[in-house]
Amino acid sequence: MAFKPEHEIYKRRFGRNLGLGLVLAGFVALVFGLTVVKVTNGDPMQGFDHVVRPEMTPAPQPGGNG
Amino acid sequence: MSDINANGGMTEAGPVEAGFGDYVALLKPRVMSLVVFTALVGLLVAPVHVHPFVAFTSVLFIALGAGASGALNMWWDADIDQVMRRTKGRPIPAGLVQPGEALGLGLALSGLSVMMLSLAANIMAGALLAFTIFFYAVVYSMWLKRSTPQNIVIGGAAGAFPPMVGWVAATGSVSLEACLMFLLIFMWTPPHFWSLALFMNSDYEKAGVPMLTVTHGKRVTRNHILVYTIALVPCALAAGFTSIGGPIYLAVSALLNAGFLWGAWRIWRRDEAVAEADGYATEKSVFKFSILYLFLHFGAFLAEAALKPWGMGGW
């Protein structure tokens, strides 16, 4: 027994879903690419790794308690 | 879309669902292609280096913003689109997309494009894009289009913003050059659309859109085409003396303006009987030339910028 031929509506739905999927994937790729470009072309960034770095501690104010 | 019929998206086999292409059609891809070109030129001729990926993303979201305003326009104008021969195959009048879907898509893409352009380029560019969308959807589509025969004149500003947005995306601010690129498209729009309206008059009349041809007649429209073309010439030539112009631009612009003036003069000289006798041949040829006019002007800007590294472009 042969299956009923697929209705045209399912083909349209598939095309629509595929198109939307590709657009979303493209958007994710775009945001990723933009992030890479912004990070690599921007000012040097510093990662904070929970290690005390004395050179970053503000100098004591003259006449202050610290 | 071959199965579209007058039953509002129904065929004998049942309801027709919109395909992906029908949603793309809501964004007016042909208008988007012009926006892509002018915005790209605005961005590339700016005296600031922009990373190619940032430039690509910026132009993409400027185009998406233009597409969003196109979807909002189709939502608002669905009733008159149904009447006009040129527009009745659009997704909403054809019954493929519901008006609410077009509104939702338009609003969502407006927000997305403004936000993404602000992130990719700068806030100023995003704000200008938001204003452009507002201008086209609200000021032109909702307010001017159905209320004044000057709709094209003021509404033309919406189409004139993309190169300025491109420039601002690169530099972060508006300058004389960006204003002159804006002015070039702004002044070009009325003679361009009025020459189209001269041979599409019956459609606008049927839809009740107060085009100048409908409210004041074709004689007045012909006069307006000539006057606006004369006013366009100094705006186009002035850009040639700024940092984005140069000898190549000026030569190209002089030739194109002479051609456009000649065309506007020929339209002005004709009366309706002569135009009808030859099927509006002059009006149609001037309309086609006007498209070439704008394309070559922006092409010349691009040529000047491209030749600069070799010491040839610009002054």
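Residues numbered from 1 in each chain as written. Chains lettered and ligands numbered in written order. Predicted model: local features only at pLDDT ≥ 70, side-chain atom pairs only at ≥ 80, totals over all residues. Heavy atoms only, no water.

**Q** Requested: an account of the layout of surface pockets, with residues and values cited.
**A** There is about 790 Å³ of room inside the second largest pocket. Taken together, 22 residues make up the lining of the second largest pocket; nearest its centre are Val-23 of chain A together with Phe-20, Leu-27, Leu-64 and Leu-109 of chain B. Every element with two or more residues in the lining of the second largest pocket is listed here: α1 (8–41) of chain A together with α1 (20–25), α3 (52–76) and α5 (99–120) of chain B. Broken down by element, the residue count for the lining of the second largest pocket peaks at 9 residues, all from α1 of chain A. Residues that form the lining of the second largest pocket fall into these classes: 18 nonpolar, 2 polar and 2 charged. (1 Å grid on protein atoms, 1.4 Å probe; cavity = no way out; pocket = protein on both sides within 12 Å on 5 of 7 lines; lining within 4 Å. Points joined across faces, edges and corners; volume = space filled by probe spheres on them. Helix = DSSP H or I, 4+ residues; strand = E, 2+ residues; numbered from the N terminus. Nonpolar A, V, L, I, M, F, W, Y, C, P; charged D, E, K, R; others polar.)

**Q** Would you mind going over the environment of Ala-281 of chain B in detail, with residue names and values included?
**A** Residue and element names in this part refer to chain B. With respect to the helices and strands, Ala-281 occurs in helix α14 (residues 281–307). For Ala-281, a relative accessible area of 39% translates into the label partly exposed. As for Ala-281 and Ile-267, which are separated by 14 residues in sequence, their C-alpha atoms are 9.9 Å apart. (Buried < 20%, exposed > 50% of the residue type's maximum accessible area, 1.4 Å probe, protein only.)

**Q** Can you lay out the pattern of salt bridges for me, pointing to particular residues and giving the numbers?
**A** All names here are of chain B. Tallied over the full model, the rule gives 9 salt bridges over all chains. A salt bridge links Glu-272 to Lys-218, with the nearest nitrogen and oxygen atoms 3.2 Å apart. One end of the pair, Glu-272, is in helix α13 (residues 272–277); the other, Lys-218, is in helix α11 (residues 217–238), with 54 residues separating them in the sequence. The class of Lys-218 is buried, set by a relative accessible area of 15%. Note that Arg-222 is salt-bridged to Glu-283, the shortest N-O span being 2.6 Å. (Salt bridge = Lys/Arg side-chain N within 4 Å of Asp/Glu carboxyl O.)

**Q** Talk me through the side chain of Thr-132 of chain B; I want residue IDs and the actual numbers.
**A** With respect to the helices and strands, the residue Thr-132 of chain B is situated in helix α6 (residues 123–144). Non-local contacts of Thr-132 of chain B, meaning those with residues more than four positions away in its chain, are made with Ala-158, Phe-161 and Val-165 of chain B. (Contact = heavy atoms within 4.5 Å.)

**Q** Describe a nonpolar patch on the surface, listing the residues and the values that go with them.
**A** All names here are of chain B. There is a patch of nonpolar side chains on the surface, built from Trp-76, Phe-131, Phe-134, Val-138, Met-142 and Trp-143 and spanning about 570 Å² of accessible area. Residue contributions to the nonpolar patch peak at 5 residues, all from α6. One can find Phe-131 in helix α6. On the basis of relative accessible area, Phe-131 is assigned to the partly exposed category, the value being 38%. (Patch = residues over 30% accessible without salt bridge, like charges linked within 9 Å, V, L, I, M, F, W, Y side chains within 5 Å. Areas by Shrake-Rupley, 256 points an atom, 1.4 Å probe, with all protein chains shown as cover.)

**Q** Could you give an account of the domain arrangement of chain B, with specific residues and numbers?
**A** Residues and elements named next belong to chain B. Segmenting chain B into domains produces domain 1 (1–173) and domain 2 (175–315). Of the roughly 2800 Å² buried where domain 1 meets domain 2, counting both sides, 78% is carbon and sulfur surface. Viewed at the interface, domain 2 and domain 1 are joined by 0 salt bridges. Summed over the shared surface of domain 1 and domain 2, the number is 1 residue pair in polar contact (both at pLDDT 80 or more). Those elements that place two or more of their residues in the side of domain 1 that touches domain 2 are α2 (29–44) and α7 (151–171). Split into classes, the residues belonging to the side of domain 1 that touches domain 2 amount to 18 nonpolar, 9 polar and 4 charged. (Domains from an automatic or database assignment. Buried area = accessible area lost by both parts, 1.4 Å probe. Polar contact = N/O pair within 3.5 Å; in protein donor to acceptor, adjacent residues only side chain to side chain.)

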